[in-house]
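Understanding the architecture of this molecule
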Number of protein chains: 2
Amino acid sequence: MHPIDQLLAAVDRKACPIVVGLDPVLSRVPEFIRRAALKRYGNTLEAAAESLFRFNRGLLAALHRLIPAVKLQSACYELYGPEGLRVFHRTVALARKLKLLVIDDAKRNDIGHSAALYAGAHLGRSPLIEGFSRRPKADFLTVNPFLGSDTLSPFITECRRCDKGLFVLVRTSNPAAREYQEARIDNSPLYLKIAGDVQIWSAENTGTRGYGDIGAVVGATWPEEAALLRRTMPSVYCLVPGYGAQGGTADQAVSAFDADGYGALINSSREIIFAWQNPRYQTSPSDPSAYAEAAVKAAINMRDALLRSLKRAGKLPAGW
Amino acid sequence: MHPIDQLLAAVDRKACPIVVGLDPVLSRVPEFIRRAALKRYGNTLEAAAESLFRFNRGLLAALHRLIPAVKLQSACYELYGPEGLRVFHRTVALARKLKLLVIDDAKRNDIGHSAALYAGAHLGRSPLIEGFSRRPKADFLTVNPFLGSDTLSPFITECRRCDKGLFVLVRTSNPAAREYQEARIDNSPLYLKIAGDVQIWSAENTGTRGYGDIGAVVGATWPEEAALLRRTMPSVYCLVPGYGAQGGTADQAVSAFDADGYGALINSSREIIFAWQNPRYQTSPSDPSAYAEAAVKAAINMRDALLRSLKRAGKLPAGW
């Protein structure tokens, strides 16, 4: 099944256009989890990695009925080496078992030969390791376009072999995004040129509702650009980071949606998974399920704020 | 010790400005190595990963007296998951034991918070895992600048905490590099703007010979741009891919060197490590050291071609 059709089905089923970032940081994992892992594995990388996995597992159990997708920031796992990578794969496997779509946020790229290896590593079943690996892979991968279109081709090829999708960095959410992304090509900014290319690739393989398999990352912190990009890329689903912790609001995020309230998946990570540390959610330190419940409350708050903003903008999907 | 001073000392000691890419591909590892690993580990990812390590070990044993540095393409290892990552670390440890400088060619980047985690994962001893990990890290990491300067800062900070260095992608060697890298800023190409920024960062922390810790990737396939970039970035050491397999010649590569024959490290990967499959080197299939000897011959050929071109250009370092 086309990856964006899968995503749209999940978004509609849950009436929720949110993706939660499972970006665990050891020092912010509740102490009862860390203590249990230390007891079992000693003061080792295994203990650190196991803590992250148990933290994720509790979040997935609590959140999976509410949200359509999760996003895993690769850096959070790479920090713990092979043990961290194993937790990445275990989390992907569990999320897929719970029928969540999974975005591998690794922002990879390299020249063609290496790009093909990255595509195999993160999305596909590379013929190079056929027969060896049945490792669970994500449904989508984020990629960096700086090297040029010939480095994106191997990823697109792999996607079409395995019904997977990409989110290409078009406009990132950080303050200095404009420095290089607003360089000019034919009198328009570089990010618009990349957006035009993403639209072409995406239109090559659209699902039943007109959206293609090649999406774009469009920061919520740039609402005017997001509205322009929405028009430039009618076939392109947008992954929208920068909501909440990075300053993007629900009203700003709405500009990335199409007129029917689809076409954008709004990401939040720290504000949701670390909600248990936010006084607003008043969790009890003695209750082991409190951190996951706080995450659910934060996700519901975010969803409701988005739906209100969509409604105000006249974009709330019919039937939600 | 300043990372570029370390590199310069090694380059001078060996009179050789080459970095060999340890980018193993399982299907091109000699059969006797693969068979031994399969025998020990069965038809598993461990066997695949072990084959890559033994291949690397043979290459390192044969090449380490000849060359100053090796570069590991992360994608080749990520393809094999946690087992592959373990081989990456074992190879880094062995290379460092043999006094080789090591470049981690992972082309990472993300927004600030995640960039700091990547810097910890690939270069430093992140305080987040202090006490856990004594994993060997590379001396240099390649990074992608597309997201903007605020995403490079965490890497630079980590470098200065640990005496490590970066190579920032400025001009890649692939055919489509120009598509986005030649967007214009103030009427000059984006890659020159990035080069200017890299020069500023590099000049903040120069070693005894005037070169700084922040280097640049400059493709050998664009010799005119390389000459311009050499002038734009007087403090910046260049990592030059694209030699050989990608079409760059010794005469082209010479434009990345300064007037004294320093300032550039020319990379070759497949042409050296898979030289045993090149009829030119006539290896015996029954001799288990033949593949490593072929790599040595290919590396010597490449070095000699470069030194001849440097000499013709009047740039051969004194005493080489």
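This is a predicted model, so every value here is computed, not measured. (Residues numbered from 1 in each chain as written. Chains lettered and ligands numbered in written order. Predicted model: local features only at pLDDT ≥ 70, side-chain atom pairs only at ≥ 80, totals over all residues. Heavy atoms only, no water.)

**Some remarks on unusual backbone geometry**
The cut-off we apply is this: Numbering of helices and strands runs from the N terminus; a helix is a DSSP stretch of H or I covering at least four residues, while a strand is a stretch of E covering at least two.
Look at Ala 15 of chain A: it is not a glycine, yet its phi comes out positive at around 45°. Along the polypeptide, Ala 15 of chain A turns up in the loop between helix 1 (3-14) and strand 1 (18-21). Here the phi dihedral of Asp 186 of chain B falls at roughly 50°; this positive angle occurs in a residue that is not glycine. Residue position: Asp 186 of chain B is located in the loop between strand 6 (184-185) and strand 7 (188-189).

**Observations regarding the pattern of salt bridges**
Inclusion rule: Salt bridge, as used here: a side-chain nitrogen of Lys or Arg that lies within 4 Å of a carboxyl oxygen of Asp or Glu. Burial status follows relative accessibility: with a 1.4 Å probe on protein chains alone, a residue under 20% of its type maximum counts as buried, one over 50% as exposed, and anything between as partly exposed.
A full pass over the atoms with the stated rule returns 40 salt bridges over all chains. In this structure, the salt-bridge partner of Arg 209 of chain A is Asp 12 of chain A, at a minimum N-O distance of 3.0 Å. Here the residue Arg 209 of chain A occupies a position in the loop between helix 9 (190-203) and strand 8 (214-218), and Asp 12 of chain A occupies one in helix 1, the gap between them amounting to 197 residues. Given the relative accessible area of 38%, Arg 209 of chain A is considered partly exposed. Residues Arg 35 of chain A and Glu 31 of chain A are paired through a salt bridge, measuring 3.6 Å at the closest nitrogen-oxygen approach. Taken together, the residues span about one helical turn, with Arg 35 of chain A and Glu 31 of chain A both in helix 2 (residues 31-41) at a distance of four residues. A single network of salt bridges, built from pairs that share partners, joins Lys 71, Asp 105 and Lys 107 of chain A together with Asp 110 of chain B.

**Focus: the confidence of the model for chain A**
We count it as follows: Each residue carries a pLDDT value, the predictor's own confidence for that position, ranging from 0 to 100.
When pLDDT is averaged along chain A, the result is 94; 97% of the residues meet or exceed 70. Taken over the whole predicted complex, pTM reads 0.97, whereas the ipTM for its chain interfaces reads 0.96.

**Focus: the pairing of strand 5 (residues 165-171) of chain A**
Residue and element names in this part refer to chain A. Spelled out, the test is: DSSP calls a pair of strands paired once it identifies at least 2 bridges connecting them.
For strand 5, the tally of buried residues reaches seven of seven residues, placing the bulk of the element in the interior. The pairing of strand 4 (residues 140-143) with strand 5 spans four bridges and is parallel. When the bridges of strand 5 are listed, Leu 141 appears paired with Leu 166.

**Points about the environment of Lys 99 of chain B**
Residues and elements named next belong to chain B. Formally: Between two residues, a contact is recorded if the distance between any of their heavy atoms is within 4.5 Å.
With respect to the helices, strands and loops of the structure, Lys 99 is situated in the loop between helix 5 (81-97) and strand 3 (101-108). Separated by 34 residues in sequence, Lys 99 and Arg 65 place their C-alpha atoms 9.2 Å apart. Excluding its chain neighbours within four sequence positions, the residues that come into contact with Lys 99 are Arg 13 and Lys 14.

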